[in-house]
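Fold and contact review
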Amino acid sequence: DTAVSQTPKYLVTQMGNDKSIKCEQNLGHDTMYWYKQDSKKFLKIMFSYNNKELIINETVPNRFSPKSPDKAHLNLHINSLELGDSAVYFCASSQALGGPEFSDTQYFGPGTRLTVL
Amino acid sequence: DQQVKQNSPSLSVQEGRISILNCDYTNSMFDYFLWYKKYPAEGPTFLISISSIKDKNEDGRFTVFLNKSAKHLSLHIVPSQPGDSAVYFCAASENFGNEKLTFGTGTRLTIIP
């Protein structure tokens, strides 16, 4: 039973197109994230939502827009796709408890490999 | 500006020996550190963590050591097993929370049977 799922797993599209990647978690977590792993394997946070509210919004072009219809879903819409958007995008979720003996962590989806031609 | 660095992109270790993966960070505000393991075509999975109030945390074959003065942490795996072959990411966050993780670029560990 998949905890964090993403669709599609692979996405190949032309420059200038608009596309969406969907993410769903069935863990009952309050917080969801989008990460981008670039060609240098660097995993960088893009957005974080807590109970449908935007918490973290890193320096990301405004062509990227996250949408959270409910706390179990966080979708990523990308407008006017560019070559540099080619990457693997990971969704993650957590309960975000905090504290020095914090043992909770983020659970990642399998990733979506986006290729822009 | 890479605040979390894993300077060894790859590491090969004989089965049964100790694997030591290293991670350095520059942000002195980081106070919580995690290691993730990633197999090909899968998302990273949590392995072990440590908060800055400790210098060592152990979980079975995995031990993480934190040297705050050197801004350095390491992951020890002993004994190494073939199933440990994967990419290992070091990550860090501020305020003991995990809302915003900063990741290193990963180290590919290959265990040689």
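Starting from 1, residues in each chain are numbered consecutively following that chain's sequence as written. Each chain is given a letter, starting from A, and each ligand a number, starting from 1, according to the order in which they appear as written. Side-chain atom pairs in this predicted model are given and counted only at pLDDT of 80 or more, local residue features only at pLDDT of at least 70, and totals for whole chains, interfaces and linings cover all residues. For the side-chain quantities, the full set of heavy atoms in the structure was used; hydrogens and water were omitted.

**Description of a nonpolar patch on the surface**
All names here are of chain B. Heads up, the rule is: Here, patches come from residues exposed beyond 30% relative accessible area and free of salt bridges, joined within 9 Å for like charges and within 5 Å for nonpolar side chains (Val, Leu, Ile, Met, Phe, Trp, Tyr). Each accessible area is a Shrake-Rupley estimate made with a 1.4 Å probe; only the visible protein chains count as cover when residues are assessed. In the sections that follow, a salt bridge refers to a side-chain nitrogen of Lys or Arg positioned within 4 Å of a carboxyl oxygen of Asp or Glu. Going along the chain from the N terminus, every DSSP run of H or I of four or more residues is numbered as a helix, and every run of E of two or more is numbered as a strand. With a 1.4 Å probe rolled over the protein chains alone, any residue whose accessible area is under 20% of its type maximum counts as buried; one over 50% counts as exposed, and the rest are partly exposed.
Taken together, Ile18, Ile20 and Val78 make up a surface patch of nonpolar side chains, about 230 Å² in accessible area. With respect to the helices and strands, Val78 occurs in the loop between strand E8 (72–77) and strand E9 (86–94). According to the relative accessible area criterion, Val78 is partly exposed, its value standing at 43%.

**Quick notes on the layout of surface pockets**
Unfilled space is identified by rolling a water-sized probe across the atoms. All names here are of chain A. Put simply, the rule reads: The method works on a 1 Å grid over the protein atoms by themselves. A cavity is a set of points holding a 1.4 Å probe that cannot get out, a pocket is an open set with protein on both sides within 12 Å along at least five of seven lines, and residues with an atom within 4 Å of a point line them. Grid points are joined across faces, edges and corners, and a volume is the space filled by probe spheres set on the points. Note on residue classes: Ala, Val, Leu, Ile, Met, Phe, Trp, Tyr, Cys and Pro are nonpolar, Asp, Glu, Lys and Arg are charged, and everything else, Gly too, is polar.
Roughly 220 Å³ of volume is contained in the second largest pocket. Sort the elements by how many residues they give to the lining of the second largest pocket and strand E5 (residues 43–50) lands first, with three residues. Here the lining of the second largest pocket is built from residues that sort into six nonpolar, one polar and five charged.

**A word on the pattern of salt bridges**
Opposite charge on two side chains allows them to pair when their charged atoms are near. Residue and element names in this part refer to chain A. Taken as a whole and judged by the stated rule, the model has five salt bridges over all chains. With a closest N to O distance of 3.5 Å, Arg63 and Glu82 form a salt bridge. One end of the pair, Arg63, is in the loop between strand E6 (53–57) and strand E7 (64–70); the other, Glu82, is in the loop between strand E8 (73–78) and strand E9 (87–94), and 19 residues separate them in sequence. One salt bridge connects Asp85 with Arg63, and the closest N-O pair in it is separated by 2.8 Å. Pair noted here: Asp85 is in the loop between E8 and E9 and Arg63 is in the loop between E6 and E7, with a separation of 22 residues, a long-range link. Assessed through its relative accessible area of 4%, Asp85 is described here as buried. What emerges from the salt-bridge pattern is a single network uniting Arg63, Glu82 and Asp85.

**Quick word on the sheet that holds strand E3 (residues 19–25) of chain A**
Residue and element names in this part refer to chain A. Going by this rule: Any two strands with at least two DSSP-identified bridges between them are counted as paired. Fitted lines through C-alpha atoms serve as axes, helices being fitted only where they are in contact, and the angles separating the N-to-C directions of these axes extend from 0 to 180 degrees.
The antiparallel open sheet is built from four strands, whose spatial order is E1-E3-E8-E7. The outermost strands of the open sheet, each flanked by one partner alone, are strand E1 (4–7) and E7. Pairwise comparison of adjacent strand axes, ignoring direction, gives a mean angle of 20° for this sheet. Pairing analysis gives five bridges linking E7 to E8, with the strands arranged antiparallel. From the neighbouring strand, Phe64 faces E8, where its bridge partner is Ile78.

**Section: the state of the cysteines**
All names here are of chain A. This is how the line gets drawn: Here, a disulfide means two cysteine sulfur atoms that sit within 2.5 Å of each other.
Taken as a whole and assessed by the stated rule, the structure comprises two disulfides over all chains. Here Cys23 connects covalently by a disulfide to Cys91, the sulfurs 1.8 Å from one another. Looking down the S-S bond of the Cys23 and Cys91 bridge, the torsion is -75°, so its handedness is left-handed. Residue Cys23 is located in strand E3, and its partner Cys91 is located in strand E9; the two are separated by 68 residues in the primary sequence.

**What about the packing of aromatic side chains?**
So the rule is basically this: Pairing of aromatic rings covers Phe, Tyr and Trp, the last through its six-membered ring, and needs centres within 6.5 Å; plane angles under 30 degrees mean stacked, over 60 mean edge-to-face, and all others mean tilted.
A complete count under the given rule lists twelve aromatic pairs over all chains for this structure. Ring plane angle 80° and centroid distance 5.9 Å describe the contact between Phe108 of chain A and Phe103 of chain B, whose orientation is recorded as edge-to-face. Of this pair, Phe108 of chain A sits in strand E10 (residues 107–108) while Phe103 of chain B sits in strand E10 (residues 102–103), which puts the two residues in different chains. Residue Phe103 of chain B is classed as buried on the basis of its relative accessible area of 0%. Note on Tyr36 of chain B and Phe103 of chain B: the rings are 5.6 Å apart at their centroids and 50° apart in plane angle, and the pair reads as tilted. Taken as a pair, Tyr36 of chain B in strand E4 (residues 30–38) and Phe103 of chain B in strand E10 lie far apart in primary sequence, 67 residues in all. When its relative accessible area of 0% is taken as the criterion, Tyr36 of chain B is described as buried. A connected cluster of aromatic rings, assembled from ring pairs, spans Tyr33, Tyr35, Phe90 and Phe108 of chain A together with Tyr36, Phe46, Phe89 and Phe103 of chain B.

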